[in-house]
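So the chains spell out like this:
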Amino acid sequence: MLVLQKEIAIRHQLLERLAEARGRTDEIFDLVRPDSLYERPIPERHRIIFYLGHLEAFDWNLLRERVLDLQSFHPDFDQLFAFGIDPVNGALPSDQPSQWPSVADARHYVKRIRENIDEGLSALKPADSTFNPAGTDFTAEILLNVAIEHRFMHAETLAYMLHQLPLDRKVKRQRKPELIVLSVAPEMIEIPAGRTTLGLSRRDQNMFGWDNEYEAQTVDVPAFSIDKYKVTNGQFLDFVTAGGYENSAFWTEEDWNWRTAHDIRHPAFWKRMGQRWYCRTMFDEIPLPVDCPVYVSQAEASAYARWAGKSLPTEAQWHRAAYGTKNGPERDFPWGVATPNSSKGNFDFQGWDPTSVGGFP
């Protein structure tokens, strides 16, 4: 009886997380004006209409035969929306909006898939959540986790993509009231030598992970110093003003070639008008918020670090600083063990734009 109750609880939890993940991505698509779903905010990526169908097609192609034992009702769409793209040899996609299905057809496809998946998952017997379907090595529980985490990953990348969509192509959301925070000054903190854990252990049956996250390894990290706060727009503005984008000494050869080829002279979302700098947020163009973390590429971040006489943290250093403790045991979260909430950070789209580096002590 206890095993059966545990399986039922796991299934309910997964279904709740699937519903939550759908809600998050639906919220993102709702930001796009209906007449703009065929836009391509990033030249290397698909048009937005692809992602509208892709999330459901991924779930459907993953679960349809392996878990639900259902037949396809639209094989062409199953294939069309199956895979994203990576540019080959620098070539950009050249498809036209007319080559894609109508928004109505795409939404109808999404609706039918959700109905079929929800009905199929609801009909599963409790024991079905742990069997190895279709002779694979993956249980239904693992496959559901894959579908959920895949969707959450797209929630992040879609938000990044839509940030680059022109402001007049989006349905504007009201800005949340600014946090009342004390001004903070740059400060370095000392992290003592210690161990940190990278990756996941296969012995932890309660934690889902991707294949590249295994196996867990313990790394000895020598003592180091690290900035207490993220680099702000104000600090990065000093780099820009000092000519950091014109001095190749701060850039690797590859990064410098990228900067010059694209004539990059400042962060992507910055804009100078007269003597003032402005920043394009998700829905507005506002005076540069100097106390918010700067939003730049790896190449720009590395160049800034060299200019500042520092370096970017390694993965091991980051984990040691974020999760380590003076006494040895590692924390679940940088602030301790408390579940993430609005007092701990900018979670779950409560704010669409970066917040002050001093906003969450």
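Keep in mind that what you see is a predicted model, and the values were worked out from it rather than measured.

Undergrad: Talk me through the overall build of the protein chain; I want residue IDs and the actual numbers.
TA: Looking only at helices and strands, the protein chain has nine helices and seven strands in total. With the principal axes as the frame, the protein chain shows a C-alpha extent of 65 × 55 × 45 Å. Looking at the protein chain as a whole, 38% of its 361 residues qualify as buried. Excluding contacts between residues fewer than 6 apart, the proportion of contacts in the protein chain whose partners are at least 24 apart in sequence is 71%. As displayed, the protein chain offers around 21,400 Å² of accessible surface, 52% of which is attributable to carbon and sulfur atoms.

Undergrad: I'd like to hear about the pattern of salt bridges, residue by residue, with values.
TA: Using the criterion set out here, one finds 22 salt bridges in the structure. Through salt bridges with shared partners, a single network forms among Arg22, Asp26, Glu56, Asp59, Arg114, Asp118 and Arg151.

Undergrad: So what's going on with the state of the cysteines? Which residues, and what values?
TA: A covalent bond bridging the sulfur atoms of two cysteines is what the word disulfide describes. Enumeration over the complete set of coordinates arrives at zero disulfides. No disulfide involves Cys279; its nearest neighbouring cysteine sulfur is the one of Cys292, lying 8.1 Å away. Its relative accessible area of 13% is what places Cys279 among the buried residues. For Cys292, a relative accessible area of 9% translates into the label buried.

Undergrad: Before we move on, can you summarise the packing of helix α2 (residues 48-68) against helix α4 (residues 103-123) with the specific residues and values?
TA: At a closest axis distance of 9 Å, the pairing of α2 and α4 adopts a crossing angle of 30°. Between α2 and α4, the angle falls in the class roughly parallel. You can see that α2 and α4 cross each other, and the crossing is left-handed. In contact with Ile49, Leu52, Gly53, Glu56, Ala57, Asp59, Trp60, Leu63, Val67 and Leu68 of α2, α4 contributes Val103, Ala106, Arg107, Tyr109, Val110, Ile113, Arg114, Asn116, Ile117, Gly120 and Leu121. A class-by-class count of the residues in the contact of α2 with α4 yields 14 nonpolar, three polar and four charged.

Undergrad: Go over the packing of aromatic side chains, please, and point to the residues and values.
TA: Taken as a whole, this structure holds 27 aromatic pairs when the rule is applied. For the ring pair Tyr304 and Trp307, a centre distance of 5.5 Å and an interplane angle of 45° mean the geometry is tilted. Of this pair, Tyr304 and Trp307 both sit in helix α8 (residues 298-307), three residues apart, which is roughly one turn of the helix. Among the aromatic side chains, those forming a connected cluster through ring pairs are Phe236, Phe239, Tyr245, Phe250, Trp251, Trp256, Trp270, Trp277, Tyr304 and Trp307. For Arg112, the ring lying beneath its charged end belongs to Phe73, and the centroid distance is 4.0 Å. Its end group placed over the ring of Trp256, Arg259 keeps NZ or CZ at 4.4 Å from the ring centre.

Undergrad: Now, about the nonpolar core: what can you tell me, with residues and values included?
TA: Counting residues in each nonpolar core, the largest one holds 46 residues, and the members touching the most others are Ile48, Leu63, Val67, Phe81, Leu121 and Leu162. Residue assignment for this core shows that the elements contributing at least two residues are α1 (2-29), α2, α4 and α5 (140-163). With twelve residues, α2 is the largest single contributor of residues to this core. When sequence neighbours within four positions are dropped, the list of residues in contact with Leu121 reads Arg11, Leu15, Leu18, Val67, Leu68 and Leu144. Counting residues in each nonpolar core, the second largest holds 17 residues, with Phe236, Trp251, Trp277 and Val294 among its members.

Undergrad: Kindly report on helix α7 (residues 253-261), identifying the contributing residues and their values.
TA: Of all the residues in α7, the buried ones are Asp255, Trp256 and Arg259. The buried residues of α7 occupy an angular sector of 100° when the element is viewed end-on, so they sit on one face. What points out from α7, more than 90 degrees from its buried face, is the exposed set Glu253, Glu254 and Ala261. In this structure, the buried residues of α7 make contact with α8. Note on α7: the residue one or two positions beyond its end, Asp263, has a positive phi of about 50°.

Undergrad: Could you give an account of the sheet that holds strand β7 (residues 285-287), with specific residues and numbers?
TA: The three strands are arranged β5-β6-β7 in an open sheet whose pairing can be described as antiparallel. Only two strands of the sheet have a single neighbouring strand rather than two, namely β5 (270-273) and β7. Direction aside, neighbouring strands of the sheet carry axes that sit 35° apart on average. Bridge count for β5 against strand β6 (residues 276-280) is four bridges, and the pairing is antiparallel. Along β6, the bridge assignment pairs Met273 with Arg276. Most of the contacts of helix α6 (residues 233-241) go to β5, to which it runs at about 65°, and overall it touches β5 and β6.

Undergrad: Any chance you could break down the packing of α2 against α5 for me, citing the residues and the numbers?
TA: Where α2 contacts α5, the two axes come as close as 10 Å, and the packing angle between them is 175°. As summarised for this structure, α2 and α5 are arranged roughly antiparallel, according to the angle between their axes. Together, Ile48, Tyr51, His54, Leu55, Glu56, Phe58, Asp59, Leu62, Leu63, Arg66 and Val67 of α2 and Ala140, Leu143, Leu144, Val146, Ala147, His150, Arg151, His154, Leu158, Met161 and Leu162 of α5 make up the contact between the two elements. A per-class count over the contact of α2 with α5 returns 15 nonpolar, three polar and four charged.

Undergrad: How would you summarise unusual backbone geometry if you had to cite specific residues and measurements?
TA: Residues apart from glycine generally show negative phi values, whereas peptide bonds are mostly found in trans. Of note, the amide linkage connecting Tyr214 to Glu215 takes the cis form, showing an omega dihedral of 0°. Looking at where Glu215 falls in the secondary structure, it is placed in the loop between β2 (194-198) and β3 (217-221). The phi dihedral of Asp263 falls on the positive side, at around 50°, and the residue is not glycine. Considering the arrangement of structural elements, one finds Asp263 in the loop between α7 and β5.

Reading the values: the criteria
- Residue numbers run consecutively from 1 along every chain, following the written order of its sequence.
- Given that the model is predicted, a residue must reach a pLDDT of at least 70 before its local features are reported, and side-chain atom pairs must reach 80 or more before they are shown or counted; all residues, however, enter totals for whole chains, interfaces and linings.
- Hydrogens and water molecules were not included; the side-chain quantities draw on all heavy atoms of the structure.
- Counting from the N terminus, the helices are DSSP H or I runs at least four residues long and the strands are E runs at least two residues long.
- Each residue gets one of three labels from its accessible area relative to the maximum for its type: buried under 20%, exposed over 50%, partly exposed in between, using a 1.4 Å probe on protein chains only.
- Only heavy atoms matter for contacts: two residues are in contact if any of them lie within 4.5 Å across the pair.
- In these tables, accessible area is a Shrake-Rupley quantity obtained with a 1.4 Å probe, and a residue counts as shielded only by the protein chains included in the view.
- Counted as salt bridges are all cases of a side-chain nitrogen of Lys or Arg within 4 Å of a carboxyl oxygen of Asp or Glu.
- Here, the term disulfide refers to a pair of cysteine sulfur atoms separated by no more than 2.5 Å.
- As a rule, the C-alpha atoms of each element are fitted with a line to give its axis, helices using only the stretch in contact, and angles between N-to-C directions run from 0 to 180 degrees.
- Should an angle lie under 35 degrees it is considered roughly parallel, over 145 roughly antiparallel, and from 65 to 115 roughly perpendicular; all remaining angles are considered oblique.
- Two helices that cross are described as forming a left-handed crossing if the nearer one is turned anticlockwise from the farther one by less than a right angle, and a right-handed crossing if clockwise.
- Residues are grouped as follows: Ala, Val, Leu, Ile, Met, Phe, Trp, Tyr, Cys and Pro are nonpolar; Asp, Glu, Lys and Arg are charged; every other residue, Gly included, is polar.
- Any pair of Phe, Tyr and Trp rings, taking the six-membered ring for Trp, is counted once the centres come within 6.5 Å. Such a pair is stacked with planes under 30 degrees apart, edge-to-face with planes over 60 apart, and tilted for the rest.
- Counting as a charge over the ring demands two things of the Lys NZ or Arg CZ atom: a distance within 6 Å of the ring centre and an angle within 35 degrees of the ring normal.
- By convention a nonpolar core is built from buried Ala, Val, Leu, Ile, Met, Phe, Trp, Tyr and Cys residues, the set being connected through side-chain atoms within 4.5 Å.
- The arc refers to the directions leading from the helix axis to the C-beta atoms.
- The pairing criterion is simple: DSSP has to find at least two bridges between the two strands.

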